[in-house]
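These are the residues of each chain, in order.
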Amino acid sequence: MPQKKITIATHGQGLYEFTSEATGFVRQAGVEEGLLTVFVRHTSCSLLIQENADPDVRRDLMTFFSRLVPPSDDVAMRWVTHTLEGPDDMPAHIKSALTTVSIGVPIGQGRLALGTWQGLYLFEHRDRPHRREIVLHISA
(Lines give C-alpha, C1' and ligand atoms only; values in the text may rest on other atoms or scores of the structure.)
Protein backbone atom coordinates (compact mmCIF):
# COMPACT_ATOMS: atom_id res chain seq x y z
CA MET A 1 0.00 0.00 0.00
CA PRO A 2 1.73 3.16 -1.20
CA GLN A 3 2.28 6.01 1.24
CA LYS A 4 3.93 9.40 0.89
CA LYS A 5 4.48 12.41 3.12
CA ILE A 6 4.29 15.89 1.63
CA THR A 7 5.14 19.18 3.32
CA ILE A 8 3.29 22.41 2.68
CA ALA A 9 4.92 25.67 3.71
CA THR A 10 2.26 28.14 4.82
CA HIS A 11 2.65 31.88 5.28
CA GLY A 12 -0.36 32.54 7.48
CA GLN A 13 -4.06 31.75 7.52
CA GLY A 14 -5.48 30.56 4.23
CA LEU A 15 -6.31 27.65 1.98
CA TYR A 16 -3.35 25.98 0.28
CA GLU A 17 -4.25 23.68 -2.60
CA PHE A 18 -2.33 20.42 -3.01
CA THR A 19 -4.54 18.59 -5.53
CA SER A 20 -1.72 18.24 -8.05
CA GLU A 21 0.57 16.56 -5.51
CA ALA A 22 -2.16 14.05 -4.57
CA THR A 23 -3.03 13.43 -8.23
CA GLY A 24 0.63 12.84 -9.08
CA PHE A 25 1.00 10.40 -6.18
CA VAL A 26 -2.02 8.37 -7.36
CA ARG A 27 -0.76 8.36 -10.95
CA GLN A 28 2.74 7.26 -9.86
CA ALA A 29 1.31 4.48 -7.67
CA GLY A 30 -0.46 2.98 -10.68
CA VAL A 31 -3.54 1.98 -8.67
CA GLU A 32 -6.71 1.67 -10.77
CA GLU A 33 -9.30 1.31 -7.98
CA GLY A 34 -8.92 2.18 -4.31
CA LEU A 35 -9.07 4.90 -1.71
CA LEU A 36 -6.69 7.77 -1.09
CA THR A 37 -6.62 8.73 2.57
CA VAL A 38 -5.25 12.20 3.26
CA PHE A 39 -4.21 12.97 6.85
CA VAL A 40 -2.68 16.15 8.29
CA ARG A 41 -0.38 15.65 11.28
CA HIS A 42 -1.27 18.83 13.18
CA THR A 43 -4.02 20.12 15.50
CA SER A 44 -4.15 23.78 14.42
CA CYS A 45 -4.87 23.28 10.72
CA SER A 46 -7.24 21.02 8.81
CA LEU A 47 -8.20 19.63 5.42
CA LEU A 48 -10.97 20.54 3.02
CA ILE A 49 -12.33 19.46 -0.32
CA GLN A 50 -13.51 22.71 -1.80
CA GLU A 51 -14.09 24.58 -5.06
CA ASN A 52 -10.86 25.38 -6.86
CA ALA A 53 -12.20 27.62 -9.64
CA ASP A 54 -13.43 30.87 -8.05
CA PRO A 55 -11.08 32.42 -5.44
CA ASP A 56 -14.10 34.24 -3.93
CA VAL A 57 -15.14 30.91 -2.39
CA ARG A 58 -11.86 30.71 -0.45
CA ARG A 59 -12.12 34.36 0.62
CA ASP A 60 -15.69 33.86 1.82
CA LEU A 61 -14.70 30.74 3.77
CA MET A 62 -11.86 32.65 5.44
CA THR A 63 -14.24 35.48 6.35
CA PHE A 64 -16.86 33.07 7.69
CA PHE A 65 -14.41 31.18 9.91
CA SER A 66 -12.81 34.39 11.22
CA ARG A 67 -16.26 35.68 12.18
CA LEU A 68 -17.31 32.32 13.65
CA VAL A 69 -14.11 31.95 15.72
CA PRO A 70 -12.31 35.28 16.23
CA PRO A 71 -8.85 35.56 17.86
CA SER A 72 -8.78 34.90 21.60
CA ASP A 73 -8.01 38.58 22.32
CA ASP A 74 -11.44 39.47 20.87
CA VAL A 75 -13.97 40.38 23.58
CA ALA A 76 -16.28 37.56 22.39
CA MET A 77 -13.53 35.03 23.21
CA ARG A 78 -12.91 36.14 26.81
CA TRP A 79 -13.72 32.63 28.03
CA VAL A 80 -10.60 31.10 26.36
CA THR A 81 -7.94 29.95 28.84
CA HIS A 82 -5.35 28.45 26.42
CA THR A 83 -3.54 31.65 25.37
CA LEU A 84 0.17 30.85 25.87
CA GLU A 85 0.82 30.36 22.15
CA GLY A 86 -0.86 33.59 21.01
CA PRO A 87 -4.36 34.83 20.24
CA ASP A 88 -4.63 32.70 17.08
CA ASP A 89 -3.76 29.34 18.65
CA MET A 90 -6.91 28.27 20.53
CA PRO A 91 -9.14 29.59 17.72
CA ALA A 92 -7.03 27.47 15.34
CA HIS A 93 -7.72 24.37 17.44
CA ILE A 94 -11.46 25.16 17.42
CA LYS A 95 -11.50 25.64 13.63
CA SER A 96 -9.65 22.36 13.21
CA ALA A 97 -12.20 20.60 15.43
CA LEU A 98 -15.03 22.03 13.31
CA THR A 99 -13.52 20.76 10.06
CA THR A 100 -11.42 17.59 9.69
CA VAL A 101 -7.86 16.28 9.74
CA SER A 102 -8.52 13.26 7.50
CA ILE A 103 -10.26 12.90 4.14
CA GLY A 104 -10.93 9.83 1.99
CA VAL A 105 -11.12 10.23 -1.79
CA PRO A 106 -12.09 7.29 -4.02
CA ILE A 107 -9.76 6.31 -6.84
CA GLY A 108 -11.40 5.10 -10.05
CA GLN A 109 -9.78 4.32 -13.39
CA GLY A 110 -6.43 5.40 -11.94
CA ARG A 111 -7.65 8.89 -11.02
CA LEU A 112 -9.01 10.70 -8.00
CA ALA A 113 -12.81 10.75 -8.21
CA LEU A 114 -13.00 14.48 -7.45
CA GLY A 115 -15.71 16.57 -9.07
CA THR A 116 -14.93 19.05 -11.83
CA TRP A 117 -14.40 22.04 -9.52
CA GLN A 118 -13.16 20.20 -6.43
CA GLY A 119 -9.67 20.52 -5.03
CA LEU A 120 -7.81 19.32 -1.93
CA TYR A 121 -6.77 22.05 0.48
CA LEU A 122 -4.76 22.44 3.63
CA PHE A 123 -6.72 24.95 5.73
CA GLU A 124 -4.12 26.86 7.77
CA HIS A 125 -5.62 28.42 10.89
CA ARG A 126 -2.49 30.06 12.36
CA ASP A 127 -1.17 33.54 11.54
CA ARG A 128 2.54 32.83 11.35
CA PRO A 129 4.30 30.54 8.83
CA HIS A 130 4.40 26.79 9.41
CA ARG A 131 5.61 23.66 7.65
CA ARG A 132 2.65 21.28 7.65
CA GLU A 133 3.03 17.56 7.05
CA ILE A 134 0.35 15.66 5.15
CA VAL A 135 0.37 11.88 4.78
CA LEU A 136 -1.08 10.39 1.58
CA HIS A 137 -1.97 6.69 1.79
CA ILE A 138 -3.56 4.46 -0.83
CA SER A 139 -5.63 1.41 0.07
CA ALA A 140 -6.32 -0.77 -2.93
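Just above sits the structure.
How each quantity is defined
Residues numbered from 1 in each chain as written. Predicted model: local features only at pLDDT ≥ 70, side-chain atom pairs only at ≥ 80, totals over all residues. Heavy atoms only, no water. Helix = DSSP H or I, 4+ residues; strand = E, 2+ residues; numbered from the N terminus. Polar contact = N/O pair within 3.5 Å; in protein donor to acceptor, adjacent residues only side chain to side chain. Core = buried A, V, L, I, M, F, W, Y, C linked by side-chain atoms within 4.5 Å. Buried < 20%, exposed > 50% of the residue type's maximum accessible area, 1.4 Å probe, protein only. Contact = heavy atoms within 4.5 Å. 1 Å grid on protein atoms, 1.4 Å probe; cavity = no way out; pocket = protein on both sides within 12 Å on 5 of 7 lines; lining within 4 Å. Points joined across faces, edges and corners; volume = space filled by probe spheres on them. Salt bridge = Lys/Arg side-chain N within 4 Å of Asp/Glu carboxyl O. Nonpolar A, V, L, I, M, F, W, Y, C, P; charged D, E, K, R; others polar.

Engineer: Quick rundown of the side chain of serine 46? Include the residues and the values.
Structural biologist: Summarising the element assignment, serine 46 is placed in strand β4 (residues 45–51). In this structure the side chain of serine 46 is engaged in a polar contact, spanning 2.7 Å, whose partner is the side chain of threonine 99.

Engineer: Now, about the nonpolar core: what can you tell me, with residues and values included?
Structural biologist: If you look at the biggest cluster of nonpolar residues, it comprises 22 residues, and the most contacted ones within it are Phe18, Leu36, Leu47, Leu112, Leu122, Ile134 and Leu136. Setting aside chain neighbours within four positions, we find leucine 36 in contact with Ala22, Phe25, Val26, Ile103, Gly104, Val105, Ile107, Leu112, Leu136, His137 and Ile138.

Engineer: Residue-level account of the layout of surface pockets, with values.
Structural biologist: Put simply, the largest pocket is a space of about 200 Å³. Forming the boundary of the largest pocket are Glu17, Thr19, Thr23, Val26, Arg27, Asn52, Gly110, Arg111, Leu112, Leu114, Gly115 and Gln118. Breaking the lining of the largest pocket down by element, the ones donating at least two residues are α1 (19–29) and β6 (111–112). If one sorts the elements of the lining of the largest pocket by residue count, α1 sits on top with four residues.

Engineer: Give a description of the pattern of salt bridges that names residues and reports values.
Structural biologist: Side-chain pairs of opposite charge can arise where the charged atoms are in close proximity. On inspection of all chains with the given rule, the structure shows six salt bridges. As a salt-bridge pair, lysine 5 and glutamate 133 come within 3.7 Å of each other at their nearest N and O atoms. Here glutamate 133 lies in strand β8 (residues 130–139) and lysine 5 lies in strand β1 (residues 3–10), a separation of 128 residues in the sequence. Note on lysine 5: relative accessible area 49%, which makes it partly exposed.

Engineer: Tell me about empty space enclosed by the protein, residues and numbers included.
Structural biologist: One simple way to see leftover space: roll a probe sized like a water molecule over the atoms. Per the stated rule, a full pass over the model turns up one cavity of 30 Å³ or more. The space that makes up the largest cavity amounts to roughly 30 Å³. Around the largest cavity sit Gln13, Met62, Phe65, Ser66, Lys95, Phe123, Glu124 and His125, which together line it. Where the lining of the largest cavity is concerned, the elements lending two or more residues are α2 (55–68) and β7 (118–124). Broken down by element, the lining of the largest cavity gets its largest block of residues, three residues, from α2. For the lining of the largest cavity, a count of residues per class yields three nonpolar, three polar and two charged.

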